[in-house]
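Chains, contacts and geometry: an overview
The lines below spell out each chain.
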Amino acid sequence: MEVLAGDESTEVTHNENGCVFKFDFAKVFWNSRLSGEHHRIVEMLNSGDVVCDVFAGVGPFAVPAAKRGCRIYANDLNSSSASSMEENCQLNRVAKRVSVFNLDGRCFIKEIASKVTDGKGADGACSAEWPMFNHVLMNLPAIAIEFLDAFRGVFAGHDDLKLPMVHCYCFSSADNPQAEVVDRVKAALGVTDVGNETTIHEVRSVAIAANQYCISFRLPRTAAMADINDSLEPDAKRAKLDT
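Residues numbered from 1 in each chain as written. Predicted model: local features only at pLDDT ≥ 70, side-chain atom pairs only at ≥ 80, totals over all residues. Heavy atoms only, no water.

Considerations on the overall build of the protein chain
Across its full length, the protein chain carries eight helices and nine strands. Computed over C-alpha atoms, the radius of gyration of the protein chain comes to 19 Å, within 12% of the 18 Å expected from 2.2 N^0.38 for 243 residues, which places it in the range of a compact globule. Principal-axis analysis of the C-alpha atoms places the extent of the protein chain at approximately 60 × 45 × 40 Å. Out of the 243 residues in the protein chain, the part that is buried amounts to 47%. In the protein chain, 64% of the contacts between residues at least 6 apart in sequence involve partners at least 24 apart. Counting only carbon and sulfur atoms, one obtains 49% of the accessible surface of the protein chain, whose full area is about 12300 Å². (Helix = DSSP H or I, 4+ residues; strand = E, 2+ residues; numbered from the N terminus. Rg over C-alpha atoms; globule rule 2.2 N^0.38 Å. Buried < 20%, exposed > 50% of the residue type's maximum accessible area, 1.4 Å probe, protein only. Contact = heavy atoms within 4.5 Å. Areas by Shrake-Rupley, 256 points an atom, 1.4 Å probe, with all protein chains shown as cover.)

Considerations on the pairing of strand β1 (residues 11-16)
Where a strand is regular, its side chains alternate between the two sheet faces. In the sheet, β1 pairs with strand β2 (residues 19-24) via six bridges, with the strands oriented antiparallel. Across the sheet, the residue bridging to E11 is D24, located in β2. Hairpin connection, β1 to β2: the antiparallel pair is bridged by two residues, and N17 has positive phi, about 50 degrees. (Pairing = 2+ DSSP bridges.)

Focus on the environment of E111
Looking at the secondary structure, you find E111 in helix α4 (residues 105-118). Distance in space between the C-alpha atoms of E111 and L219 is 17 Å, their sequence separation being 108 residues. E111 has contacts with F101 and L103, leaving out every residue within four places of it along the chain.

Here's the deal with the sheet that holds strand β8 (residues 199-207)
In any sheet, the strands associate via hydrogen bonds between backbone groups, in a parallel or an antiparallel arrangement. The strand order across the open sheet formed by seven strands is β5-β4-β3-β6-β7-β9-β8, and the pairing between neighbours is mixed. Lying at the two open borders of the sheet, with one neighbouring strand each, are β5 (98-101) and β8. Pairs of neighbouring strands in the sheet enclose a mean axial angle of 15 degrees, with direction left out of account. Alignment of strand β7 (residues 165-172) against strand β9 (residues 210-218), held across eight bridges, turns out to be antiparallel. (Axes fitted to C-alpha atoms, helices over the stretch in contact; angles between N-to-C directions.)

Re unusual backbone geometry
One can expect most non-glycine residues to show negative phi and most peptide bonds to be in trans. One non-glycine residue, N17, adopts positive backbone phi at about 50 degrees. Positionally, N17 belongs in the loop between β1 and β2.

Overview of the pattern of salt bridges
Overall, the coordinates contain nine salt bridges when judged by the stated rule. The closest approach of N and O atoms between R40 and E37, which form a salt bridge, is 2.7 Å. Pair noted here: R40 and E37 are both in helix α1 (residues 35-43), with a separation of three residues, about one helical turn. E37 gets classed as buried once you look at its relative accessible area, which sits at 5%. (Salt bridge = Lys/Arg side-chain N within 4 Å of Asp/Glu carboxyl O.)

Brief notes about helix α3 (residues 79-91)
In this model, α3 (13 residues) spans 18 Å end to end at C-alpha, consistent with the 18 Å of a helix rising 1.5 Å per residue. Along α3, the positions that sit buried rather than exposed are S81, A82, S84, M85, N88 and C89. Along the axis of α3, the buried residues cluster in a sector spanning 165 degrees; they form a single face. The secondary structure elements touched by the buried residues of α3 are β2, α2 (62-67), β4 (71-75) and β5. (Expected span 1.5 Å × (residues − 1). Arc of directions from axis to C-beta.)

Laid out in structure tokens, this is it:
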């Protein structure tokens with residue numbers, strides 16, 4: 001990033017959806033044109049919901065959701081984004097509701113799933129510290145769908161869990177974007193159907209022939225409960241057994 005005129009500092013304080021955000025434009029991603037989408041998602045959440053935000057940035061979903069009374073697991077691979085998110089949680093007095101992680105998205109998904117299942121008691125109830133999440137946010141539209149494979153088998157053996165709604169962002173320039181997006185999601189999850197709760201929301205136009213979309217669907221049980229070994233190709237399975 002290059003400053004063309006004025007103060008050379010790229011550090012800003014920004015207000016959005018009743019929250020204050022501090023960050024350095026040169027180190028993190030921020031797009032004010034997404035404020036309406038941030039608001040749309042937060043408005044569908046209820047106090048007491050548990051949200052897993054895989055690509056959380058500086059907290060444009062996580063912070064207002066926490067102010068709404070949600071428990072948040074928020075992650076970003078960019079250490080500057082994760083640090084800014086922690087600061088923004090403090091600024092907005094929601095730090096007690098937000099657990100911030102600085103991990104690769106796939107590692108984060110598996111880490112949170114492990115914390116949830118490891119904390120289950122003899123009665124099958126999740127712990128108060130790591131309750132089961134009922135929403136997943138995946139706002140990295142260029143590649144978010146590719147990370148859906150991390151959900152395969154993460155809850156195997158825990159059939160009693162109610163699986164979350166996933167809100168995954170993507171781009172599409174297809175003639176039939178709804179069908180194309182659904183097909184990509186099914187391929188990433190390794191399933192033949194994503195269920196009847198699926199909706200696709202057009203977020204914005206990003207180019208002459210491409211739009212950004214958010215596909216929302218219930219995480220398919222066939223994916224979350226999958227036996228990973230059985231899903232491997234024969235050669236890969238044999239290599240795994242030989243190690």
